[in-house]
Amino acid sequence: MGTDVRPEDRPKRVIAHLDCDAFYASVELLRRPDLRDKAVIVAHDGPRSVVTTASYAARRYGVGSAMPLSRAKRLCPHAILLPPDFESYRRVSRALWEIVGGRLGRLQHLGLDEAYADLTGVEKPVRVLRELVEQVRAETGITVSVGLGPSRLIAKICSDLGKPAGFVAMGREEAAQRFAGHSPKLLPGIGPKSVERLREMGIETIGQLQATPEERLTERFGARHGRDLLRRAHFHDSSEVETSRVLKSRSNERTFDEDVTSLTQLEEILRRLAQGLCEGLQRREKRGRTIAIKVRLDDWTTVTRARTVDAHTNDTALVTDVALELLRAYAPPRPVRLLGVRLASFEDEEGAKAGSGGRAPPPDQLALPL
DNA sequence: TCTGGGGTCCTATGACTC
DNA sequence: TCTGGAGTCATAGGACCC
């Protein structure tokens, strides 16, 4: 390896995480200034909908993202409900990241409203970021919170800390100390399931996780995950800011307002889902080999079935036929609440995996999350 | 409280090949 | 000819993220 550089000889990394505050709701409020300071919930209005985003006024009532809409309405009955308009969100997002990218260079996008940037070697990064946040606010009306640290992990946690319009910077040791009393849920990658498993082991804080012998964790979580949990607890993270990501799969799925029992009806829905999926892939000239269906039953069990075909395709007739065969072979034994179809193993995956040494990714790859 | 849609990544397992 | 291990691929399930 010719790239071996001792850690002490490497420049100290400076990673920023930029996160738009209540992005979808903020875009809505730009269009509807009369709703400023009002409780606004962005969500489809259906019996099984969940909240996409809530304005800060609605959050004061306990409404939050991913909460069932029925519950949100109970918590905040006077909230104004707006249907999501992703076309507008994408437009504002593009404009915003163009400004940021113009100053910081290439970004790693995570969805429409957040991104990482590597500012290692940049002079006066704090000043650069402060000016940038102000420029974004002036030109788009969107406020951005910034987290700054030696890794993506710390930058991400910091950007959440000062929301809205926050600006927080922290080193690794400081983070390890400061968050020792917090729940492991604070750490990205540790969700409700891992929190529960840790709790069963008597580990309820990041500090307790830090003090847990690695063997105990690897016993419970497997070698890789266990080691990773411990590294995270100590806020070690050497992952790079990845500025080019390639689409790995694309799917189209629908949860029904009421469960569906009839196979004929399910087949009809699956045809429409496959058609929508293939039309999108045809526009992007993407073809895949693995066709999969997803079925969620009324008791919330989720089943997937997949088949890999010989040649890459985005042909509606072929994808539909295979998806229908998979559905008939499975023959859902209970009422179905969700049906979906997915295409994966795209034809240019291998070439793209070669990374920066290979050809430049097509323009739409960089814009993938947008 | 009762759980969307669109993704990524990881793990386990079995089939297959060398 | 039989066997075992390693590597790879396909499949299924699940956790997690925005």
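Nothing here was measured: the structure is a model prediction, and the numbers come from that model.

1. Some details on the sheet that holds strand β3 (residues 53-54)
Now for step 1: The mixed open sheet is built from three strands, whose spatial order is β3-β2-β4. The sheet is open, and its two borders are formed by β3 and β4 (80-82), each paired with just one other strand.
Now for step 2: As defined by bridge partners, strand β2 (residues 40-42) adjoins β4 across three bridges and the pair is classed as parallel. Paired with Val40 across the two strands is Ile80, which belongs to β4.
Now for step 3: Contacts between helix α1 (residues 23-31) and the sheet are confined to β2, β3 and β4, with β2 contributing the most and set at about 120° to the helix.

2. Description of the domain arrangement of chain A
Now for step 1: Considered domain by domain, chain A is made up of domain 1 (10-21 + 88-173), domain 2 (23-84), domain 3 (179-233) and domain 4 (249-347 + 361-366).
Now for step 2: Summarising the inter-unit geometry, the C-alpha centres of domain 1 and domain 2 are found 25 Å apart.
Now for step 3: Residue-level contacts link 14 residues of domain 1 with 11 residues of domain 2.
Now for step 4: When domain 1 packs against domain 2, the two sides together hide about 1,000 Å² of surface, and 70% of this comes from carbon and sulfur.
Now for step 5: On the domain 1 side of the contact with domain 2, Asp21, Tyr89 and Ile142 bury the most area, a combined 54% of that side's loss.
Now for step 6: For the pair domain 1 and domain 2, the number of links is zero salt bridges.
Now for step 7: In this structure, the connection of domain 1 to domain 2 is made through four residue pairs in polar contact (both at pLDDT 80 or more).
Now for step 8: Looking at the side of domain 1 that touches domain 2 element by element, the count peaks at five residues for helix α4 (residues 86-104).
Now for step 9: For the side of domain 1 that touches domain 2, the residue count by class is seven nonpolar, four polar and three charged.

3. Some remarks on the protein's contact with DNA strand B
Now for step 1: Taken together, 22 residues sit near DNA strand B, with Arg48, Arg74, Lys248, Glu253 and Thr255 positioned nearest.
Now for step 2: Sugar plus phosphate: this is where 80% of the atoms of DNA strand B within 4 Å of the protein reside.
Now for step 3: One nitrogen or oxygen atom from the side chain of Arg250 is found 2.8 Å from a phosphate oxygen belonging to DNA strand B.
Now for step 4: Within the backbone of Glu253, one N or O atom sits 2.7 Å away from a phosphate oxygen of DNA strand B.
Now for step 5: The set of elements that each furnish at least two residues to the surface near DNA strand B consists of α3 (69-75), β9 (249-260) and β12 (336-346).
Now for step 6: Here the surface near DNA strand B gets seven residues from one element, more than from any other, and that element is β9.

4. A look at the packing of helix α8 (residues 192-200) against helix α10 (residues 214-221)
Now for step 1: α10 packs onto α8 with a crossing angle of 125° between their chain directions and a minimal axis gap of 12 Å. By the angle between their directions, the pair α8 and α10 is classed as oblique. Like other packed secondary-structure pairs, α8 and α10 cross with a definite hand, here right-handed. Where α8 approaches α10, its residues Ser194, Arg197, Leu198 and Glu200 are matched on the opposing element by Leu217, Arg220 and Phe221.
Now for step 2: Split into classes, the residues belonging to the contact of α8 with α10 amount to three nonpolar, one polar and three charged.

5. Regarding the protein's contact with DNA strand C
Now for step 1: Looking at DNA strand C, there are 19 residues lining it, with Lys156, Gly189, Ser194, Ala306 and Thr308 nearest.
Now for step 2: When the atoms of DNA strand C within 4 Å of the protein are sorted by group, sugar and phosphate make up 100%.
Now for step 3: One nitrogen or oxygen atom from the main chain of Gly189 is found 2.6 Å from a phosphate oxygen belonging to DNA strand C.
Now for step 4: For the surface near DNA strand C, the secondary-structure elements that each account for two or more residues are α8 and β11 (302-313).

6. Some thoughts on the side chain of Glu267
Now for step 1: Structurally, the position occupied by Glu267 is in helix α12 (residues 263-284).
Now for step 2: Classification of Glu267 by relative accessible area gives buried; the value is 12%.
Now for step 3: If we ignore the near neighbours within four places in the chain, the residues touching Glu267 are Leu324, Leu327 and Arg328.

Parameters and conventions
- Residues numbered from 1 in each chain as written.
- Chains lettered and ligands numbered in written order.
- Predicted model: local features only at pLDDT ≥ 70, side-chain atom pairs only at ≥ 80, totals over all residues.
- Heavy atoms only, no water.
- Pairing = 2+ DSSP bridges.
- Helix = DSSP H or I, 4+ residues; strand = E, 2+ residues; numbered from the N terminus.
- Contact = heavy atoms within 4.5 Å.
- Axes fitted to C-alpha atoms, helices over the stretch in contact; angles between N-to-C directions.
- Domains from an automatic or database assignment.
- Buried area = accessible area lost by both parts, 1.4 Å probe.
- Salt bridge = Lys/Arg side-chain N within 4 Å of Asp/Glu carboxyl O.
- Polar contact = N/O pair within 3.5 Å; in protein donor to acceptor, adjacent residues only side chain to side chain.
- Nonpolar A, V, L, I, M, F, W, Y, C, P; charged D, E, K, R; others polar.
- Near = heavy atom within 4 Å.
- Parallel < 35°, antiparallel > 145°, perpendicular 65-115°, else oblique.
- Left-handed = near helix turned anticlockwise from the far one by under 90°.
- Buried < 20%, exposed > 50% of the residue type's maximum accessible area, 1.4 Å probe, protein only.

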